[in-house]
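Fold and geometry: a report
Chain by chain, the residues run as shown.
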Amino acid sequence: MFMKKLLLLFLVSTTTLTAQELTVANGESITLKSGTIFSASGLALTPNADYTLSSSISAVTTAATQGSDNSISKVITFSNDLVDYVGDLTFVYNDNELNGLTESGLIFASKTGTADWEGRASTINTDANSITTTIASPNTFSSITAFAEGVLSIEVVHTPMQISLYPNPTVAEVHINSDEDLSVTVYDVLGKKILNT
């Protein structure tokens, strides 16, 4: 099994970026180590933690549609959903795939199953023909492409709040530090509210 994975990685690495297609046999998988940049079919995955990829990745040159709007003429698809992914995703396209859309106005778009396409906060690099989005909490993807900005609703990405609470355990005093304004309600062990700030 290790030899199959090694051979698969060798075959993927010897092809060009735009021509790559990753095929993962049913029941097989590849482990991507945290921080590794793995590219296939014009999609680069950089997971924040070790990630097990059990899906084939391919690209089709037909635009996706949502209502009367079209994406660029490239859609990345997964044979099995990319489940609980956390990290960066970079979508790479060619100028001839723009499908009449303005390159500087593109946004990263994804969908799961039959749901609508969803725009994601992203950074475009017109010199490298790429769009990158950071996935901060586990997300699942079936397909990825790029639409014109303003066509899709943009997912609001919430940065995790930083809170410290000490000492624990405590007898009389608790200190709460946060990078945001908080409203704190404290209950005793019986469920009675004893403090509200």
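The preceding data block contains the structure.
Structural notes, computed from the coordinates. (Residues numbered from 1 in each chain as written. Predicted model: local features only at pLDDT ≥ 70, side-chain atom pairs only at ≥ 80, totals over all residues. Heavy atoms only, no water.)

A few words on the overall build of the protein. Along the backbone of the protein there are one helix and 17 strands. Once local pairs closer than 6 in sequence are excluded, the contacts in the protein between residues at least 24 apart make up 55%. Total accessible area computed for the protein in this model is approximately 11700 Å², and 53% of it derives from carbon and sulfur atoms. (Helix = DSSP H or I, 4+ residues; strand = E, 2+ residues; numbered from the N terminus. Contact = heavy atoms within 4.5 Å. Areas by Shrake-Rupley, 256 points an atom, 1.4 Å probe, with all protein chains shown as cover.)

To continue, consider a nonpolar patch on the surface. A cluster of nonpolar side chains, Ile163, Leu165, Val174, Ile176 and Leu182, forms an exposed patch at the surface whose accessible area comes to about 430 Å². Within the secondary structure layout, Leu165 lies in strand S14 (residues 163-166). (Patch = residues over 30% accessible without salt bridge, like charges linked within 9 Å, V, L, I, M, F, W, Y side chains within 5 Å. Salt bridge = Lys/Arg side-chain N within 4 Å of Asp/Glu carboxyl O.)

A few words now on the packing of aromatic side chains. Counted according to the given criterion, the structure contains two aromatic pairs. Residues Tyr51 and Tyr85 carry aromatic rings whose centres are separated by 5.3 Å and whose planes lie at 80° to one another, so their mutual orientation is edge-to-face. In this pair, Tyr51 sits in strand S4 (residues 51-53) while Tyr85 sits in strand S8 (residues 75-92), placing the two residues 34 residues apart along the sequence. Judged by its relative accessible area of 10%, Tyr51 falls in the buried class. The class of Tyr85 is buried, set by a relative accessible area of 0%. (Phe/Tyr/Trp six-rings, centres within 6.5 Å; stacked < 30°, edge-to-face > 60°. Buried < 20%, exposed > 50% of the residue type's maximum accessible area, 1.4 Å probe, protein only.)

Now for the side chain of Ser143. On the secondary structure map, Ser143 appears in strand S12 (residues 130-148). Sequence-distant contacts of Ser143, defined by excluding residues within four places in its chain, comprise Val75, Ile76, Thr77, Phe78, Ala109, Ser110, Lys111 and Trp117.

Side chains of nonpolar character tend, in soluble globular proteins, to be buried together. Leu45, Leu82 and Leu89 are the most contacted members of the largest nonpolar core, which totals 28 residues. Of all the secondary structure elements, the ones that give two or more residues to this core are strand S1 (30-32), strand S2 (38-40), strand S3 (43-47), S4, S8, strand S9 (106-111) and S12. Ignoring sequence-local partners within four residues, the contact set of Leu82 consists of Leu45, Tyr51, Leu53, Leu89, Asn139, Thr140 and Phe141. By size, the runner-up hydrophobic cluster in this structure holds seven residues, among which are Ala64, Trp117, Phe147 and Leu152. (Core = buried A, V, L, I, M, F, W, Y, C linked by side-chain atoms within 4.5 Å.)

A few words on unusual backbone geometry. With a phi angle near 50°, Asp84 is a residue other than glycine that sits in the positive phi range. In this structure, Asp84 sits in strand S8. Here Asn129, not a glycine, exhibits a phi torsion of approximately 50°, which is positive. Tracing the backbone through its elements, the reader meets Asn129 in the loop between strand S11 (123-125) and S12.

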